[in-house]
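# A structural walkthrough
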Amino acid sequence: MSGDDAHDSSAASTARLFRCKVLKPPRWDEGVTPENRVVTHPPIDVVAGVIRRDDGRILITQRLPDDTLGGYWEFPGGKVDPGEELRAALARELREELGLETEIGAEIHRIVHAYPDRDVRLFFYEVRILSGEPQKIEVADLRWVTLNEIGEYQFPEADRPLLEQLRCSGGL
């Protein structure tokens, strides 16, 4: 992962990334609190894309039933392989999961989400489809939804700050 992918520290970038203050404390399993939390695994880097059509609809995908959080909806993407750059990982994931060739644009949001045993670092990017139509290759389902409709779908806790940012900013 290159330094500019992982840590863009410019003031303009920070202002663009966090327009709305929506960060909330993580939810903990019963009996697990920030004070007694034991992190047993290294953090996982995950990338996801916000893909829009000309009519403003956003692509969301449903996780496969046997995956972690199976059945939940999410912005398409996935885990970053060791040594892989963030944008390259997102392009690879979109090709593997949806059969799309894409152009990865600006980072629009990032968050560290604390689970009881590990942290997940999520990086969200604007994405433009260069070729192909989304296919259900490694996802259970996919939908093009409006910002008004997106709240009807169950998303992982880690995606909620971006959902709130999209809603409060009118889609960024």
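Summary of the structure given here. (Residues numbered from 1 in each chain as written. Predicted model: local features only at pLDDT ≥ 70, side-chain atom pairs only at ≥ 80, totals over all residues. Heavy atoms only, no water.)

## Observations regarding the overall build of the protein
The test is simple: Secondary structure elements follow DSSP: runs of H or I of four or more residues count as helices, runs of E of two or more count as strands, with numbering from the N terminus. When accessible area is computed with a 1.4 Å probe and restricted to protein chains, residues below 20% of their type maximum are described as buried, those above 50% as exposed, and intermediate ones as partly exposed. Contacts were defined at the residue level, with two residues in contact if any of their heavy atoms lie within 4.5 Å.
When its secondary structure is counted, the protein shows four helices and seven strands. For the protein, the sequential pattern of α-helices and β-strands runs α-α-β-β-β-β-α-β-β-β-α. Residues classed as buried in the protein amount to 41% of the 172 residues present. A sequence separation of at least 24 residues applies to 69% of the contacts in the protein between residues at least 6 apart.

## Some details on the sheet that holds strand β7 (residues 141-145)
Worth spelling out the cut-off: The rule for pairing is simple: two strands pair if DSSP sees at least two bridges between them.
Reading across from one edge, β3-β2-β7 is the order of the three strands in this open sheet, with antiparallel pairing throughout. A strand with exactly one partner marks an edge of an open sheet, and here the two such strands are β3 (73-74) and β7. Where strand β2 (residues 58-62) and β7 come together, five bridges link them in antiparallel fashion. Bridge assignment links T61 to a residue of β7, and that residue is L142.

## Focus on the nonpolar core
What tends to happen in soluble globular proteins is that the nonpolar side chains get buried as a cluster. To keep it simple, the criterion reads: In this description, a nonpolar core means a group of buried Ala, Val, Leu, Ile, Met, Phe, Trp, Tyr and Cys residues linked to one another through side-chain atoms lying within 4.5 Å.
Within the largest apolar cluster, 21 residues are counted, with the highest numbers of intra-cluster contacts made by I60, F75, L122, F124, I150, F155 and L162. Where this core is concerned, the elements lending two or more residues are β1 (44-51), β2, β5 (101-114), β6 (119-131) and α4 (160-168). For this core, the element with the most residues is β1, which contributes four residues.

## As for the sheet that holds β1
Heads up, the condition is: Each axis is a line fitted through C-alpha atoms, and for a helix only the stretch in contact is used; angles between axes span 0 to 180 degrees, taken between their N-to-C directions.
Here four strands make up an open sheet; going across it, the order is β4-β1-β6-β5 and the pairing mixed. In this open sheet, the two edge strands, each paired with only one partner strand, are β4 (77-79) and β5. Neighbour-to-neighbour, the strand axes of this sheet turn through a mean angle of 20 degrees, independent of strand direction. With 11 bridges joining them, β5 and β6 adopt antiparallel strand pairing. Its bridge partner lying in β6, A114 is registered against D119. Most of the contacts of helix α3 (residues 86-98) go to β5, to which it runs at about 110 degrees, and overall it touches β1, β4, β5 and β6. Where α4 meets the sheet, it contacts β1, β5 and β6, and its direction lies at approximately 115 degrees from that of β5.

## Things to note about the environment of L122
Its location among the elements puts L122 in strand β6. The class for L122 is buried, based on a relative accessible area of 7%. Through-space distance from the C-alpha of L122 to that of I44 is 8.4 Å; in sequence the pair is 78 residues apart. For L122, the contacting residues outside a window of four places in its chain are V46, H109, R110, I111, H113, A158 and D159.

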